Every structure is written in C-alpha cells, then in structure tokens.
Amino acid sequence: MRNPWAQTGNYRTSYVQDTTIFANYREIVSVVLLLVALCILPMFLERSQVLVLNFILIYAIAVLGLNITTGYAGLISVGQAAFMGVGAYTVALSAPNLPFWLTIPLGGLTAAVIGFVVGIPSLRVKHLYLALATLAFQEIFVWVVGRSPALAQGAAIPVEMRNFLGLEIGFRNHNFFWYYVILFVLVLMVMAWRNLLRGKYGRALIAVRDNDRAADAMGMDPGRTKLFAFALGAFYGGIAGGLLAYMQRAVVVEEFTLGRSVALLAMAIVGGLGTVVGSLLGPAFIEFLRLYMERLSEWMKSNAFIQSITPAGVDVASALLPLSFGLVIVLFLVFEPRGLYNWWRLLRSYFRTWPFKY
Amino acid sequence: MIDFIQNLISGVAVGCIYALAALGFVLIYKSSRVINFANGQFIAIGAFMAYALAVWVKLPVLLAALVAMLLTAGLGFLVERVFLRRMVGQPIISVIMVTIGLASVLDGLMYLTPFGSGNFTFPQFLPQGGLNLGGLSISYPQLLAIGFTAIFLVLFSWFFQRSVLGISMRAVADDQMASMSLGVSVQRVFALAWAVAGLTAAAAGIVVGAVSGLNQDGLIAIGLAVFPAVILGGLDSVPGAVVGGIIIGVLQSFSTAYLDGLFSQIGLVGGGSQYVMPFVVLLVMLWFKPHGLFGTEEIERV
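Just so it is clear, the structure is predicted and the values come from calculations on it, not from any experiment.

## Looking at the overall build of chain A
And then number 1: Helix and strand counts for chain A stand at 15 helices and four strands.
And then number 2: Along the first, second and third principal axes, the C-alpha set of chain A runs to 60 × 50 × 50 Å.
And then number 3: Looking at chain A as a whole, 51% of its 358 residues qualify as buried.
And then number 4: Relative to all contacts within chain A whose residues are 6 or more apart in sequence, the contacts with residues 24 or more apart total 77%.
And then number 5: In chain A, 27 positive and 17 negative side-chain charges are present, and the distance between their average locations comes to 9 Å.

Okay, here's the thing in structure tokens:
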C-alpha cells in the first residue's frame, strides 16, 4: 500500500480499507482530473457537438439504472426506454407549475413506482418472464401515450425553461447549460450507485442474481430484492427521461420505443454489465456508431457513383444502421462478453504491471 | 349473435397464424431454453423468399412456399450453428441479447433487398370470395390459415409421438443430462429445433402474405405478438402455443369489435385496442398465473 507503483496484489488489511470507494490516492486524482476535463470540455466544442455529448451522458444515466436491474440483479429489462418516457412525460406535465429541480426527481419517483408494479411478477418467476413483463409494459406505454389526448397523442409537448437564477437560457447557451446540469446529476447518480451497490443492498442483488434460492436460504428475500432492483433501475431511467425532456425542449413518444430500449440494453452490454466505466463507455460507443453510420449513409445517398452501382430498390443507407448495430451486439457477446470495461481493465493492469506482462 | 360468430371465426384465423409462429418459438425454448427475439425476422424472411420464388423465379405458388419453408429452416439451422452454439453455457441474458442482435442484423439484410420498404402481394392462387354458411362468410385465405395450422398440428403430433428424432427432442426437453447419457445428440436436437422453428415461421409468414399482403414491419410485428400467445399457453407447451395463439387472435378480433368504443369513452382516441390487449393479457398473466395455462411450473433446488 505504501508504494502504489509496486503494488502487485490486494494489501487491504481491514474492513475499513476494504470498503473505501477509492483504492488509493491515484484513483482519487484520476477521477478529479476526469471531472475537471469534463467540466472544461464544452469550451472546445460547438453547440452541435455538445448536443451529442448531452445525449451520451443522459443515456449513461439510463444505462446506470439498467445496470442495476440487468447487470446487478440479472433481470433483463427491455423497457428502460418506457421508464425514461414515464419520467419525461411526468416532467412535461409538471414543468409549467414546478421548478426543474423538483420535476426531475418527481419523474424519477413516478418511474420507480411504475417499475415496482411492472416488477411484481418477479415475486414468482425468473429471467425470461421478467423480460417479457418489461416488454409488455414497453408496448402498453407507447400505445397509451400515442392515444391519450392529455399527452398530445404522442406528438411533441413543449417543455420550456427560459431562465435559471437570472441566467437567460436561449438558443446559444441551451446545450451548454444542460450539459452542466446533466453532468452534475450524472456525478450524483454515479456516487449514489457506487455507495448503494457496495453496501448491503448491492450484495443482496448480486446474491440474488447468482442464485436466488441460495439467497433465499441465507435470509434475503429474493422477491423484495428484485422489486427493489426494478424500482431503482426505473428511477434512474425516469431521471434520464426528465433530463432528456428539458434538453430537447419537448417530449415525443418516438424517443421511448422498443428500439430505444434495445439500444440501451446494447449500450449496457457493450460497455460491460454492472460497471460504472462501462455505463459511460457503452453509450459513447453506440452513440458514435449511430452518428457515423448516419453520416456514412448521408454520404452514400449524395454520392453519385454509389447510387449508380446499387440496384434499384436496394436501400443500402437505411440498412447500415441496423446491420452495424446488430453486428456490434453479436460480436461483443461472442468475443468480448465483458464489454469495453474489460479492455479498460486490461489497459489499466498493463500500465500498472509494466514492464511485466501480468 | 351472427356478428359474434363472424368475429370469432376471423379471430381464429388470425390466431392460427400466431399459433404457427408460436410453435417454433416454443420448440426452441423447450429444447434449449433460448428465447428467440428474431422470430419476427424469420417470419418476414420466409414470406419474402416465397414471394421471390413465386414472382421472380415463377415457380408455382405452392412449390415456392414449400421451397421457402425449407430454405428458412436452413437459415434457422445456420443461425444455431454459427451463433447459438457458441453461447451454450453463457448467462441467459447474453443468449437473449444475441437473438436481439441477430434480429437487427436480419433487419439490415432485408433492407439490402427490395423488400425493405413497400408492400407486396402474392400472385392470386386462391379463388376469389369464400364459403358462405347461413350468413357467415369465411374467406379462402382464412380457410388456408386454419387448414395450414391443422396440417402442421397433425404432422407435429405424428413427429413427436412416432419418429425417433421427435422422441429424442422430447427426451432432451425433459432431461438433457439423462438423454445425453442415453446417446441422444443434444447438439443435433438444438439445431433441429431451430430448423423447425424456421420452417413454422416461414409457414406463418406465407399465410400472412396470402391473407393480408407482405410488409416488413407488419411481418416483424407478428414476432412480437407471439410473446403474449406463448405466455398465455405456457412457454414450454406445444399445445399451449396453439391454444394461446388462437385465444390471442380471438381476443384481438373481439377487442376491435367491442372494446374500441369503450376505450374512446375513457378518453383514448384512435382505437386500435387490438394492438395493446395482447400485452395487457401478457402482463396480467405474469402477475397471476406466470406459467400459463399448460406450462410446467419449475421446481428448483439449491
């Protein structure tokens, strides 16, 4: 422990050391450096680039929630986008009357309550059935929103916030303002995530994921633990949805469909299930993939040569996105099921043990 | 009353399509505990292959349908060989996610063909109109759906009761370890289950094509409608898949006829309750009777 450069194993000798959030001062330094870098990053970026960053950070919050339900408790959720939607619509309905620092937690709480209800089957059945329960909720959500006049039948509901503590939020600084709000919320959520999951409840979730009968025999209540996981994951989704509503200045139901839920699940898997670093890397990877595939298909549409060699009726441009997205998921699951987090881990251990291989 | 029976009949016809799609789904689940999220894509690919063979290659429609079913069975076999075999022993979430990724890949591949957008209809191979029984009318496509399902059921029950492969599939579904030690090739059974799933999915797609035309989104949506059917019938029960499929079809038909008005009274505009009712049933079933009507409840030991 004295000399972190020569550390080769686990030298922790007490429970206090074992439960610290950061292993040594280098981790504290690197986290602070990362935060500072994230804070000054927008100064070098344009509005549209900050928008991409905002999306990534918002999805990171949603993926953190998914990592509680799916990564920790092992309950596959294909309804995280619907939980985001619950948060977003709660915000849209309450934004005219309440300040934004109240509406966003309110959205999270509403989503948590609904997540609890959706998770009720977990009292009796496991894995696959729960995936289908969330699938059913996802479909019901989209249908109900798309047909309720109170929710504009799924069309855009404006969510406006024009000033904050005297600061005018207009066209120019909108993305930048929300970048810092989202970053702040993300840091808060990551801290809560880490603290919650290294304690009693997190260990209960892992135990239930690995073998819920054994966990039952050891005195944990698997049903209650799973419900807790569902509600908490939905809470994170609701917060992310609320932020998305403000950031986009509007709520549309297309943002919260099954396809988005699958994309969130893909982010969680590509990043690495059940890890904080993965929850950040996964959304970044998938969003950049989407961005560049869209650019590529734009380019293909405008390029005369490519247009001339593709046969009539063949739509290469719109094939690119689902094709690449699906391939990424399948390839990661086959070759690197632990996700990008594993590369990060290998990189770190390479530098720590250099010049030795391991 | 006559309306009621008419709705019932059209519901049964749609339900037979779901039942066909659900059969393959249940077979895969029963033998290998894999949930196949790419089922809708199989349906679409089978239907488009039949169309391509019938219209472009100019095969007779029934022969085209048969060849397309066999080709889709081959695709199912290939999918199992290339992707699912590597996933044996992996956590369930990875396996499910692989089928979701596969669904996306197949979607992309379909966009590379002219079938990615637009509507297609099979060449007319059934006579126009339908049977008329005392005020009730059954169109020929509806009869085709019901007949196809009946034929498949007979074939399946023969296959599972009499043929060696069918019996070994039942054995694997019952107890993998025991059947392995008795010399059943579990790998071959898995591959066979996927092939049969492809076959039935293609059959479902072809019937949809005959009833209501081919459209990629519409065909893939059937893959989602299968989930309520299999949960209702029991995820691991072949008769359950048929009963569940038919119940869901009838439910959809009835909710269009009787529920849409009710929903508009509570302030939901636009109708279309047929799309959501199966999922409501799915959720309610999971709350109260998660193993379905015919499913087996698992008994677990630590």
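The discussion continues.
## Let's talk about the pairing of strand β2 (residues 136-139) of chain B
Residues and elements named next belong to chain B.
And then number 1: Going residue by residue along β2, you find L136 and I138 tucked away on one face and S137 and S139 left uncovered on the opposite face.
And then number 2: Where strand β1 (residues 130-133) meets β2, four bridges bridge the pair, whose relative direction is antiparallel. Directly across from L131, in β2, lies its bridge partner I138.

## Some thoughts on the nonpolar core
And then number 1: Counting residues in hydrophobic clusters, the biggest one holds 206 residues, and the most contacted among them are I61 of chain A together with I35 of chain B.
And then number 2: No other element matches helix α8 (residues 186-212) of chain B, which puts 17 residues into this core.
And then number 3: Apart from the residues within four sequence positions on either side, I61 of chain A is in contact with I182, V185, L186, M189, Y236, I239, A240 and L243 of chain A.

## Digging into the interface of chain A and chain B
And then number 1: Between chain A and chain B, the contact holds 48 residues from the first and 49 residues from the second.
And then number 2: Together, the buried faces of chain A and chain B total about 4,500 Å²; carbon and sulfur atoms form 79% of this surface.
And then number 3: In terms of surface lost to chain B, no three residues of chain A exceed L128, Y129 and W143 of chain A, which account for 17% of the buried area on that side.
And then number 4: At the boundary of chain A and chain B, one finds zero salt bridges.
And then number 5: Run the count over chain A and chain B and you get two residue pairs in polar contact (both at pLDDT 80 or more).
And then number 6: Among the secondary structure elements, those contributing two or more residues to the side of chain A that touches chain B are α6 (127-147), α9 (212-217), α11 (258-271) and α14 (316-335) of chain A.
And then number 7: The residue inventory of the side of chain A that touches chain B, partitioned by class, reads 34 nonpolar, seven polar and seven charged.

## Concerning the packing of helix α4 (residues 80-94) of chain A against helix α10 (residues 222-248) of chain A
To describe two helices that pack against each other, one gives the angle between their axes and the distance between the axes.
Residue and element names in this part refer to chain A.
And then number 1: Two numbers describe how α4 lies on α10: the axes approach to 6 Å, and their chain directions differ by 55°. Considering the angle they form, α4 stands oblique to α10. Taken as a pair, α4 and α10 cross one another with a handedness that is right-handed. Packed against α4, whose contacting residues are Q80, F83, M84, G87, A88 and V91, the element α10 presents G233, A234, G237, G238, A240, G241, G242, L244, A245 and Y246 at the interface.
And then number 2: Residues belonging to the contact of α4 with α10 are distributed by class as follows: nine nonpolar, seven polar and no charged.

## Considering the packing of aromatic side chains
All names here are of chain A.
And then number 1: According to the stated counting rule, one finds 29 aromatic pairs over all chains in the structure shown.
And then number 2: Ring geometry for F83 and F137: centres 5.1 Å apart, planes at 25°, overall stacked. With F83 in helix α4 and F137 in helix α6, the pair connects residues that are 54 residues apart, well separated along the chain.
And then number 3: Here F137 falls in the buried class, since its relative accessible area comes to 10%.

## Quick look at a nonpolar patch on the surface
All names here are of chain A.
And then number 1: A cluster of nonpolar side chains, F22, I28, V31, V32, V36, I40, M43, F44 and Y180, forms an exposed patch at the surface whose accessible area comes to about 840 Å².
And then number 2: With five residues, helix α2 (residues 25-40) is the single largest residue contributor to the nonpolar patch.
And then number 3: Turning to its location among the elements, F22 is positioned in the loop between α1 (15-18) and α2.

## Comments concerning the side chain of N39 of chain B
And then number 1: Mapped onto the fold, N39 of chain B is located in helix α2 (residues 39-56).
And then number 2: Setting aside anything within four residues of it in sequence, one finds N39 of chain B in contact with A21, F25, A201, G223 and V226 of chain B.

## Describing the environment of A241 of chain B
Residues and elements named next belong to chain B.
And then number 1: Note that A241 resides in helix α10 (residues 238-265).
And then number 2: You can call A241 buried: its relative accessible area is 0%.
And then number 3: Taking the C-alpha atoms as reference points, A241 and A21, 220 residues apart in sequence, are found 8.7 Å from one another.

## Considering the environment of T99 of chain B
Residue and element names in this part refer to chain B.
And then number 1: Mapped onto the secondary structure, T99 falls in helix α4 (residues 92-111).
And then number 2: Separated by 20 residues in the primary sequence, T99 and V79 place their C-alpha atoms 9.4 Å from one another.
And then number 3: Sequence-distant contacts of T99, that is, excluding residues within four places in its chain, are made with V34, I35, N36, F37, A38 and W194.

## Some words on the side chain of S104 of chain B
And then number 1: Checked against the element boundaries, S104 of chain B lands in helix α4.
And then number 2: A relative accessible area of 10% means that S104 of chain B is categorised as buried.
And then number 3: Apart from residues lying up to four places away in sequence, S104 of chain B is in contact with P322, L323, F325 and G326 of chain A.

## Some details on helix α6 (residues 164-174) of chain B
Residue and element names in this part refer to chain B.
And then number 1: Buried within α6 are the following residues: G166, S168, M169, V172 and A173. All buried residues of α6 lie within an arc of 160° about the axis, which places them on one face of the element. Turned more than 90 degrees from where α6 packs its buried face, V164 and D174 sit exposed.
And then number 2: Taken together, the buried residues of α6 touch α1 (2-32), α5 (140-162), α7 (176-181) and α8.

## Structural notes on helix α9 (residues 216-233) of chain B
All names here are of chain B.
And then number 1: Between its first and last C-alpha atoms α9 spans 27 Å; for 18 residues at 1.5 Å apiece the expected length is 26 Å, and the two agree.
And then number 2: N-cap assignment for α9: the residue whose side-chain oxygen lies 3.0 Å from the backbone N of D217 is N215.
And then number 3: Backbone geometry just downstream of α9 places G234 in the positive-phi region, at approximately 110°.

## Thoughts on the pattern of salt bridges
And then number 1: On inspection of all chains with the given rule, the structure shows six salt bridges over all chains.
And then number 2: Between R209 of chain A and D210 of chain A there is a salt bridge; the shortest N-O distance is 3.3 Å.
And then number 3: Judged by its relative accessible area of 56%, D210 of chain A is exposed.
And then number 4: The residue E80 of chain B makes a salt bridge to R85 of chain B at a minimum N-O spacing of 3.1 Å.
And then number 5: Classification of E80 of chain B by relative accessible area gives buried; the value is 2%.
And then number 6: Connected through shared salt-bridge partners, E287, R290 and E294 of chain A make up one network.

About the thresholds
- Residues numbered from 1 in each chain as written.
- Chains lettered and ligands numbered in written order.
- Predicted model: local features only at pLDDT ≥ 70, side-chain atom pairs only at ≥ 80, totals over all residues.
- Heavy atoms only, no water.
- Helix = DSSP H or I, 4+ residues; strand = E, 2+ residues; numbered from the N terminus.
- Buried < 20%, exposed > 50% of the residue type's maximum accessible area, 1.4 Å probe, protein only.
- Contact = heavy atoms within 4.5 Å.
- Lys, Arg positive; Asp, Glu negative; His and termini not counted.
- Charge placed at Lys NZ, Arg CZ, Asp CG, Glu CD.
- Pairing = 2+ DSSP bridges.
- Core = buried A, V, L, I, M, F, W, Y, C linked by side-chain atoms within 4.5 Å.
- Buried area = accessible area lost by both parts, 1.4 Å probe.
- Salt bridge = Lys/Arg side-chain N within 4 Å of Asp/Glu carboxyl O.
- Polar contact = N/O pair within 3.5 Å; in protein donor to acceptor, adjacent residues only side chain to side chain.
- Nonpolar A, V, L, I, M, F, W, Y, C, P; charged D, E, K, R; others polar.
- Axes fitted to C-alpha atoms, helices over the stretch in contact; angles between N-to-C directions.
- Parallel < 35°, antiparallel > 145°, perpendicular 65-115°, else oblique.
- Left-handed = near helix turned anticlockwise from the far one by under 90°.
- Phe/Tyr/Trp six-rings, centres within 6.5 Å; stacked < 30°, edge-to-face > 60°.
- Patch = residues over 30% accessible without salt bridge, like charges linked within 9 Å, V, L, I, M, F, W, Y side chains within 5 Å.
- Areas by Shrake-Rupley, 256 points an atom, 1.4 Å probe, with all protein chains shown as cover.
- Arc of directions from axis to C-beta.
- Expected span 1.5 Å × (residues − 1).

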